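Listed here are the chains, written in short residue letters.
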Amino acid sequence: MTDRAIILAAGRGSRLGMQTENKPKCLVHLLGQPLLLWQVQALQHIGIKDITVVTGYRCEMIEAFGIPTIHNASWATTNMVASLMAARDLFDKPLLVSYSDIVYDPRILEKLRAVNDEIAVTYDLNWLTLWKERFEDPASDAESFSVDKGGYLKEIGKRNPNLNLVMGQYMGLLRISPVALMWIDELVCSITKEQGDRLDMTALLDLLINNGRQIKAVPTTLGWCEVDNEHDLMVATNLAEQERFGSELIK
């Protein structure tokens, strides 16, 4: 049973403009509370209390919440994988990994936690409906995502895909085991430090696939949203008001 989680919250989120001038992206408010607390509450709702936040920009503001933290001191010059590896000491058992700029129904976490594969991700089957709300042109932000007949990821993260071949969209939620961490270690050690610093999560997942590693893809149609800019925040607010992330998260 997976009973530990980390939230990757090192980034500033400059596309949110003035909202993140003096605070990290994860502390932008949605219906009166920071995005970070939406994630913490979703994790706690399924019984996960061992939660650590990987911080970067304005780390002291996150530390003030009293949640255990690990600091990525190189947050300004590194990408998501570097933040993940900053928490490597926590990988002595499987854990859930959540981006800090997403909100989601806790039942998505329950499905992800139930998987026994070394590494797994969730994906949204109804992604196009959400993308049409988020973007004037959904194709402008869509990435490739395909799954084989066994439910394992075949491709992820390529820009400008044929939308007819896109089977879903990655959501920023993962389950990673200690064995999978060794896979990631091996991969990061095989590239230059500069490449490793630039490595984002979808690129990492695609590289793992290309190296023959199996990544389980867990489908969902439950509510979620990424908050990357002011328009996303409006979309997420509308979904939250409709209780699409679960009524138990609305305080």
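Below: a short report on this structure. Everything numeric in this text was worked out from a predicted model, so none of it was measured. (Residues numbered from 1 in each chain as written. Predicted model: local features only at pLDDT ≥ 70, side-chain atom pairs only at ≥ 80, totals over all residues. Heavy atoms only, no water.)

### Quick look at the pattern of salt bridges
Point 1. Under the defined criterion, the tally for this structure stands at 16 salt bridges.
Point 2. With a closest N to O distance of 3.3 Å, D228 and R15 form a salt bridge. Of this pair, D228 sits in the loop between β13 (224-226) and α9 (230-241) while R15 sits in the loop between β1 (4-9) and β2 (29-30), and the two are 213 residues apart along the sequence.
Point 3. Classification of D228 as buried rests on a relative accessible area of 12%.
Point 4. With a closest N to O distance of 2.5 Å, E60 and R58 form a salt bridge.
Point 5. Of the residues examined, R58 reaches a relative accessible area of 31% and is grouped as partly exposed.
Point 6. Through salt bridges with shared partners, a single ionic network connects R15, K25, D101 and D228. (Salt bridge = Lys/Arg side-chain N within 4 Å of Asp/Glu carboxyl O. Helix = DSSP H or I, 4+ residues; strand = E, 2+ residues; numbered from the N terminus. Buried < 20%, exposed > 50% of the residue type's maximum accessible area, 1.4 Å probe, protein only.)

### Structural notes on the pairing of strand β4 (residues 50-55)
Point 1. Summarising burial for β4: 5 of the 6 residues are buried, a large majority.
Point 2. The sheet contact formed by β1 and β4 spans 6 bridges and is parallel. Bridge assignment links A5 to a residue of β4, and that residue is I51. (Pairing = 2+ DSSP bridges.)

### Describing the packing of aromatic side chains
Point 1. Taken as a whole, this structure holds 7 aromatic pairs when the rule is applied.
Point 2. Residues W38 and F245 carry aromatic rings whose centres are separated by 6.1 Å and whose planes lie at 85 degrees to one another, so their mutual orientation is edge-to-face. Taken together, the positions of W38 in helix α1 (residues 35-45) and F245 in the segment after α9 put the pair 207 residues apart, joining distant regions of the chain.
Point 3. For F245, a relative accessible area of 1% corresponds to the buried category.
Point 4. An aromatic cluster of at least three residues, connected via ring pairs, comprises W127, W131, F135 and W224.
Point 5. Cation over ring: R134 sits above W131, and NZ or CZ is 4.9 Å from the ring centre.
Point 6. Sitting over the face of the ring of Y152, K216 holds its NZ or CZ atom 4.6 Å from the ring centroid. (Phe/Tyr/Trp six-rings, centres within 6.5 Å; stacked < 30°, edge-to-face > 60°. Lys NZ or Arg CZ within 6 Å of the ring centre and 35° of its normal.)

### Observations concerning unusual backbone geometry
What is expected of a backbone is that most residues other than glycine have negative phi and most peptide bonds are trans.
Point 1. Of note, L31 is a non-glycine position whose phi angle comes to about 50 degrees, a positive value.
Point 2. Structurally, the position occupied by L31 is in the loop between β2 and β3 (33-34).
Point 3. Backbone geometry at R58 places phi at a positive 45 degrees, although glycine is not the residue there.
Point 4. Tracing the chain through its elements places R58 in the loop between β4 and α2 (59-63).

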